[in-house]
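Below, each chain spelled out in residue letters.
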Amino acid sequence: MKEWKWKGSRWWKFDFHTHTPASDDYGNGPDQTVLKKSKPRDWLLDYMRAGIDCVAITDHNSGAWVDLVKNELAQLERDRPEGFRPIHVFPGVEISVNGGIHLLAIFGCDKKTSDIDSLLGAVKLDGEKGLGGSITSLSFIDVVNKVTSAGGIAIPAHVDKEKGIFEKLDGATLKQLLDCKSIFAMELVDPQYKKPGVYTDRKPRWTEILGSDSHHPLDGSEQRCPGSRFTWVKMGTPGIEGLRLALLDGPLSVIRSDKEKDNPNEHAQIVLESIKVSKARYLGRSESFTIEFNPWLNSLIGGRGTGKSTIVEFLRIALRRIDELPDDFKKEFEKYQKIYRDRKEGGLLTDEVAIKIIYRKDDSRFRIQWNPEGNLEPIEQEIEGEWNPAKGDIRQRFPVRIYSQKQIFNLAKKPLALLRVVDEALEVDRDSWFEKWKQAERDFLSLRARARQMESGLSEESRLQGELEDVKRKQNIFEQAGYADVLRNYQRLNRQQRRVEMWEESWTDAGERLRQVARELIPDPLQDKTFNMDSEADFELCGYAAVVCEHLEKLRGEVESSASKADKILVEWKENKSGSSWKQGAAKAEEEYRKLKENLAREGENNPASYGELVQRRQDIENRLKELEESKEQVKQLEKQADVQLEKMMGIRRELTESRRVFLNEVLGENQYVRINVVPYGAFDAVEAEFRRLLQREGPGFEKDIGLPNGEGLLGKLCKGNKSSEEIEKNLKEIKNNVRDIASGKDNSQVKDQRFATHVSKLPPEAIDRVDVWFPEDSLDVQYNATGEGEKFLSIEEGSPGQKTTALLAFLLSYGEEPLILDQPEDDLDNLLIYDLIVTQLRNIKRRRQIIVVTHNANIVVNGDSELVTALAPYNGETKKDCNGSLQEKRVRETICAIMEGGSKAFEDRYRRIALEGEHI
């Protein structure tokens, strides 16, 4: 990621005490001759490699190397060799004061060797420059005054060592020195050193700094080499003015390296780098308007109507946080979303407006964009210097919290709105909990749906049982009538009957057929006109033909006689068959069969041969009933599983309450201004609306049956008993059982309006299931302590607007790592609360989260130690930046004094930074 050289203050690694070969004891040891020949380039690179940002050249009574080092630094900046990094050189000198006491004098980066020489002349140095043994003829305090008059900072060197003031001075002399207002810092080597009692008694509050006192480029026995000891100093751009203010500021702006192992420049992983507005009505109209942010505390200041709140609301728009506004505020917010078209309209946008925000997250830079037409790419990521479209939801990927004082006050009035804020905390992580809850809910609803589906199949059980009885009864008729023998005899004789009939058909017409043959035996005479009977031959042939006819006539008589015999045979057969025992048996079998048919017909069965089918049907029905019995058991198991799942959901619901409780206890456990207790299922104001929605009866109606918490009806049961979470859960279960009983028609005894019972009975089963998984939302009991002292906490409902804001601010400032944007949080608060609450917490939290605050109160800006102050002012109808920088910059301080509410009065509270400024700056 591109290195972020943010605006405003940062921590600089400052070595206050260093030596060059200009000091007589530089390089002490066997290699001193070689080391004394070291070049300024090597000397500078040693400090660069050690990561030092600012170095004070403090040779013994000499400034000889100041110009050499500064000139070489200019050359290094051009050459940029390996190991080069930017460094700020502060000219200075370690003066050996009369009495052998050492004093560091540090000057601005613009000073030269000649300026150091002039100082050494002014303090009347006696002896050769560069020698530690040379001393001034002036006293320590006189030397300090000379340093201060020359624009430098006087710092007693290694006060706890041999040539330090605590070891060399005591009594009245030390008291006089401690009363010197020109001294406000000291070099203390050993942080465990026990300071003299006179120092403790007089409480001068000198800022403790640490330098390497390096005389050698390599580690020595005392590890006094470049980078071995240093001090973190918070400034804007390093300079004597910023350094002086940081030292006056003390622990807020100065940290010894032996007190801070980590880099204090570490900041939250998610921060806003800048906002750029183009073509808004009052912002960026003539040219783009950009505000760059610091990773810690940013203060936006300016007179009324200078656009400070507009910046906040434009951030809200671009970061897609509009829906977080309470409904009461949305009308007021309209002007920030409205397109300005003529002077009569109050909109702050134009058709061409564009808002672009640089958001740094997890070592990546993103650009979030918005314009009214929506044709700007919403998210872009910087990759190798190029902006490329990126995916995702802006709200989810780029968290931020934006609150105005009015919003905070609204949270105090509406616990559910505050609960949503609690749920967004990573420690609660309601989104993850909600996914777990929804899965458990889906499992429960699925179990209930499957049980109902199987139950719907059980509805045919009664029909099947009735059909089985019918089949059994029909079977019984068959079995009581000896149906098998009857049917078998009937079928056997029936087959025989058909066989006899077929046999009879084959011969019973034999007589007729014989007669037909007889009729066809006699041919017509041969004699006709064809033959001439006068011809002997013709006559002879015709005679033979006549003989044939005689024989055939005789044969016809015989055939006709046979036909008569055949008729007699048929008559005899019929008589024999009719009187036979077979015929009697057939008649009996037919009668038995007829009776069987009549009995079955009375049972609706028309097929006497269907016994096999009945047997099969009975088997099928019995198998199906067995399956239904198994299904009933499965339904029971599904119901048990659903009950277990419901208990599981109860546990999951309790987890949410507990995580809220644990989070609030951890965040506010030590907070003296506010306590927030979770009231399980306590959001009674929302219970009726939720319950009506589940019963699909939103709006009025059925008031006596639905009721209210602490009232009548179903919901009136919710608050029975001691209102513990266990009691409420028990009551809630009773309510749900009542609803299910009403829906099933099982028990309507408590229903006051039968139309309600009818309505509930018509609800789809899924609606009743959703009643089972309904749990009222938790509520929050917010209590505050007006003074921040003792244990006297009162309900926030009893508090004034300022007290309510105080309590909620105390909470909102207590947790989270995402950027926090506050718009005039001090409204309704007195200065004591502002200092005790806001200022104190801002100092504590800005290391772990970025804060952007719009304020009119100097306490927040100055005492909150804002790292970047941006003052806005109107110029020709447009908002412009009047100044933009750190508190160490004179222009920024002058602007604060000029425009902040409270003016310079607020600066008096910062005595060491402001009251002493006149004497030191």
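Now for a look at the structure at hand.

What counts, and where the lines are drawn
Residues numbered from 1 in each chain as written. Predicted model: local features only at pLDDT ≥ 70, side-chain atom pairs only at ≥ 80, totals over all residues. Heavy atoms only, no water. Helix = DSSP H or I, 4+ residues; strand = E, 2+ residues; numbered from the N terminus. Rg over C-alpha atoms; globule rule 2.2 N^0.38 Å. Buried < 20%, exposed > 50% of the residue type's maximum accessible area, 1.4 Å probe, protein only. Phe/Tyr/Trp six-rings, centres within 6.5 Å; stacked < 30°, edge-to-face > 60°. Lys NZ or Arg CZ within 6 Å of the ring centre and 35° of its normal. Contact = heavy atoms within 4.5 Å. Pairing = 2+ DSSP bridges. Axes fitted to C-alpha atoms, helices over the stretch in contact; angles between N-to-C directions. 1 Å grid on protein atoms, 1.4 Å probe; cavity = no way out; pocket = protein on both sides within 12 Å on 5 of 7 lines; lining within 4 Å. Points joined across faces, edges and corners; volume = space filled by probe spheres on them. Nonpolar A, V, L, I, M, F, W, Y, C, P; charged D, E, K, R; others polar. Patch = residues over 30% accessible without salt bridge, like charges linked within 9 Å, V, L, I, M, F, W, Y side chains within 5 Å. Areas by Shrake-Rupley, 256 points an atom, 1.4 Å probe, with all protein chains shown as cover. Salt bridge = Lys/Arg side-chain N within 4 Å of Asp/Glu carboxyl O. Core = buried A, V, L, I, M, F, W, Y, C linked by side-chain atoms within 4.5 Å. Parallel < 35°, antiparallel > 145°, perpendicular 65-115°, else oblique. Left-handed = near helix turned anticlockwise from the far one by under 90°. Polar contact = N/O pair within 3.5 Å; in protein donor to acceptor, adjacent residues only side chain to side chain.

**Overview of the overall build of the protein chain**
Each helix and strand counted, the protein chain has 34 helices and 26 strands in total. At 55 Å, the protein chain has a C-alpha radius of gyration far larger than the 29 Å of a compact globule built from 921 residues. When the backbone C-alpha atoms are referred to their principal axes, the protein chain occupies close to 200 × 85 × 70 Å. Each of the 921 residues in the protein chain was classed as buried or not, and the buried ones make up 49%.

**Some words on the packing of aromatic side chains**
All chains considered together, the criterion is met by 22 aromatic pairs. Pairing Trp 4 with Trp 6 gives two aromatic rings, centres 5.3 Å apart and planes at 70 degrees, and the pair type is edge-to-face. Ring centres of Trp 507 and Trp 573 lie 6.4 Å apart, and the angle between their planes is 70 degrees; this geometry places the pair in the edge-to-face category. Taken together, the residues span a long stretch of sequence, with Trp 507 in the loop between α17 (483–505) and α18 (510–521) and Trp 573 in helix α19 (residues 536–578) at a distance of 66 residues. Within the aromatic cluster, the residues linked to one another by ring pairs are Phe 166, Tyr 193, Tyr 199 and Trp 206. Over the aromatic face of Phe 793 sits the side chain of Arg 675, whose NZ or CZ is 4.0 Å from the ring centroid.

**Notes on the environment of Lys 161**
Along the chain, Lys 161 turns up in the loop between β7 (153–156) and α6 (165–168). In the structure, Lys 161 is positioned 26 residues away from Glu 187 in sequence and 9.9 Å away in space, judged by C-alpha atoms. Among residues more than four places away in sequence, those in contact with Lys 161 are Glu 167 and Val 189.

**Observations regarding the sheet that holds strand β25 (residues 868–875)**
An order of β19-β23-β24-β14-β25-β26 is seen for the 6 strands of this open sheet, with the pairing classed as mixed. Each end of this open sheet is capped by a strand with a single partner; those strands are β19 (401–404) and β26 (878–885). Across the sheet, the mean angle separating the axes of adjacent strands is 20 degrees when strand polarity is ignored. Bridge analysis of strand β23 (residues 820–823) against strand β24 (residues 851–854) gives 4 bridges, and the strand direction is parallel. When the bridges of β24 are listed, Leu 822 appears paired with Val 853.

**Thoughts on the layout of surface pockets**
The computed volume of the second largest pocket comes to approximately 1,100 Å³. Those elements that provide at least two residues to the lining of the second largest pocket are β1 (10–18), α3 (64–79), β3 (88–97), β15 (354–361) and β26. Among the residues making up the lining of the second largest pocket, the classes are represented as 13 nonpolar, 11 polar and 16 charged.

**Describing a nonpolar patch on the surface**
Taken together, the side chains of Leu 526, Leu 541 and Tyr 544 define a hydrophobic patch exposed on the protein surface, amounting to about 300 Å² of accessible area. Along the chain, Leu 526 falls in the loop between α18 and α19. Among the residues examined, Leu 526 registers a relative accessible area of 39% and is labelled partly exposed.

**Re the nonpolar core**
The biggest cluster of nonpolar side chains holds 94 residues, and the ones touching the most others in it are Phe 691, Leu 808 and Phe 811. If one sorts the elements of this core by residue count, helix α21 (residues 611–668) sits on top with 15 residues. Beyond its immediate stretch of four places on either side in the chain, Phe 691 contacts Ile 706, Leu 714, Leu 715, Ile 735, Val 739, Val 771 and Trp 774. Ile 275, Leu 315, Ile 368 and Ile 821 belong to the second largest nonpolar core, which has 41 residues in total.

**What about the packing of helix α11 (residues 327–337) against helix α13 (residues 405–413)?**
Close contact between α11 and α13 brings their axes to 11 Å; oriented N to C, the two are set at 165 degrees. When the axis of α11 is compared with that of α13, the two are roughly antiparallel. Regarding α11 and α13, the two cross each other, and that crossing is right-handed. Where α11 abuts α13, its residues Asp 328, Phe 329 and Glu 332 lie against Lys 406, Gln 407 and Asn 410. Among the residues forming the contact of α11 with α13, the class breakdown is 1 nonpolar, 2 polar and 3 charged.

**Structural notes on the sheet that holds strand β21 (residues 779–784)**
Taken in spatial order, the 3 strands line up as β20-β21-β22 in an open sheet, and their pairing is antiparallel. The sheet terminates laterally at β20 (674–679) and β22 (794–795), the two strands that pair on one side only. Sheet analysis places β21 next to β22, joined by 2 bridges and oriented antiparallel. Of the residues in β22, the one forming a bridge with Tyr 784 is Leu 794. Strands in contact with helix α14 (residues 415–423) are β20 and β21; relative to β21, the strand with the most contacts, it is inclined by about 95 degrees. Contacts between helix α28 (residues 801–812) and the sheet are confined to β20 and β21, with β20 contributing the most and set at about 75 degrees to the helix.

**A look at the pattern of salt bridges**
Scanning all chains against the criterion turns up 59 salt bridges. Glu 867 is the salt-bridge partner of Lys 234, the closest N and O atoms lying 2.5 Å from each other. One end of the pair, Lys 234, is in strand β10 (residues 231–235); the other, Glu 867, is in the loop between α30 (858–863) and β25, with 633 residues separating them in the sequence. Each of the two residues, Lys 234 as well as Glu 867, counts as buried. Between Glu 460 and Arg 624 there is a salt bridge, with its nearest N and O atoms 2.6 Å apart. With a gap of 164 residues between them, Glu 460 in the loop between α15 (430–458) and α16 (461–480) and Arg 624 in helix α21 connect regions that are remote in the sequence.

**Describing the pairing of β23**
Residues Leu 820 and Leu 822 point to one face of β23 and Ile 821 and Asp 823 to the other, with burial holding for every one of them. By the bridge criterion, 4 bridges tie β19 to β23 in an arrangement that is parallel. In the strand pairing of β23, Arg 401 is matched with Leu 820.

**Topic: the pairing of β24**
Of the two faces of β24, both are covered, the one formed by Ile 851 and Val 853 as well as the one formed by Ile 852 and Val 854. By the bridge criterion, 4 bridges tie strand β14 (residues 297–302) to β24 in an arrangement that is parallel. Residue pairing for β24: Ser 299 is matched across the bridge by Val 853.

**Here we look at the environment of Arg 660**
Within the secondary structure, Arg 660 sits in helix α21. The class for Arg 660 is buried, based on a relative accessible area of 0%. Here the alpha-carbon distance between Arg 660 and Ser 364, two residues 296 residues apart in the chain, equals 32 Å. Residue contacts for Arg 660: discarding those within four places in its chain leaves Leu 419, Val 422, Asp 423, Val 428, Arg 430, Arg 653, Val 678, Glu 777 and Asp 778.

**Here we look at the side chain of Ser 62**
With respect to the secondary-structure elements, Ser 62 resides in the loop between β2 (54–57) and α3. Take Ser 62: its relative accessible area is 5%, and that puts it in the buried class. A polar contact of 3.1 Å, which involves the side chain of Ser 62, links it to the backbone nitrogen of Ala 64. Here Ser 62 is in contact with Ala 22, Gly 92, Val 93, Ile 116, Leu 120, Lys 129 and Gly 130, once residues within four sequence places are set aside.

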